[in-house]
Amino acid sequence: MRTLRRTWRLPSARMALAVLALVALVAVAGGALAPYDPLAQRPADMLHGPSAGHLLGTDYLGRDVLSRLLAGTGRSVVGALEAVGAAMLLGIVPGIASVWLGRTVEWTAQRAADTLMIMPFTVFAIAVVGALGNGMHQAMLALGVLFAPLYFRVTRAAALGLKQAQYVEAAELMGASRWWILRVHVWGKILPTIAVTTAQAVGQALLVVASLTFLGLGVQPPAPTWGGMLASDLGYLAQQPWAPLIPGAAIMITVGALNILADAVRDSGAADAGTKPDRKAGTAPRIQVITRVEKRPEEVDQRVATG
């Protein structure tokens, strides 16, 4: 909670949260906010520029671009969240288990993570979609599997440092169970690290989801998505050279806000982990030098003689 309060004090974090709140609102209520049916085709209005009736113009089938952008936000964001959720489930639990359940589990989990890290996202997603069918859930499951090693390594590194802490060793010596130690001493300490990883992973997942939908994987046309809109607009650059900038700007702003939020949470967590300095910034600390003064032998002999 201290990390969250410190993060909220940062202006960059508040700005990023405001942008993400707007994106979340559009993702939830985008279909209701759309002025037109995003699938309705109007051949008489093909490739029209921005106007009072169509604020962002129309595409090559006469569909309203603003309506498609609003309706496609939900599919893009939900797909990224689904992939990250699967990655958290497949990465966090094995990451903690590899630290506390012995060398066999540790070796098996590390080899599985190393194997998944060398697989390319797009090729693996195409293979899974080809085997399980072209659907959003299948593609996001494949994406979550490939994002799982990121959570595995981050969680494992944090849990390794906490396992060697003195208060954890003291709890083990006093007979505390592993579940109690994980719930009381470990989980709360690794949450800021998981939060930073999640913010960055959602941004990366949005880019990958846009890439997959750009290729026609996951969501079939004419259902609107940010990547699908970008792919369809590239075929009409001569008539509307500015059209790809609209979905591209939505992707860029959302991913940028997630990265800014991740940086803010990381900085706040680092500030909480450190000690608060008692001096002003830019001044050197005072160093007390303690010297040992030894008396000369003749002084000792003189005191003994007089004594």
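The rules behind each value
- Residues numbered from 1 in each chain as written.
- Predicted model: local features only at pLDDT ≥ 70, side-chain atom pairs only at ≥ 80, totals over all residues.
- Heavy atoms only, no water.
- Buried < 20%, exposed > 50% of the residue type's maximum accessible area, 1.4 Å probe, protein only.
- Salt bridge = Lys/Arg side-chain N within 4 Å of Asp/Glu carboxyl O.
- Helix = DSSP H or I, 4+ residues; strand = E, 2+ residues; numbered from the N terminus.

Section: unusual backbone geometry
Piece 1. Phi is positive for Leu47, close to 55 degrees, though the residue is something other than glycine.
Piece 2. With a relative accessible area of 27%, Leu47 lands in the partly exposed category.

Remarks on the pattern of salt bridges
Piece 1. Under the defined criterion, the tally for this structure stands at six salt bridges.
Piece 2. Taking the shortest distance from any N to any O, the salt bridge between Asp59 and Arg68 comes out at 3.9 Å. A single burial state applies to Asp59 and to Arg68, both of which are buried.
Piece 3. Between Arg266 and Asp263 there is a salt bridge, with the nearest N and O atoms lying 3.0 Å from each other. On the criterion of helical spacing, the pair formed by Arg266 and Asp263 is a turn pair, its members being three residues apart in helix H10 (residues 245-273).
Piece 4. The partly exposed category is assigned to Arg266, whose relative accessible area is 40%.
Piece 5. On the accessibility criterion, Asp263 (32% relative accessible area) is partly exposed.

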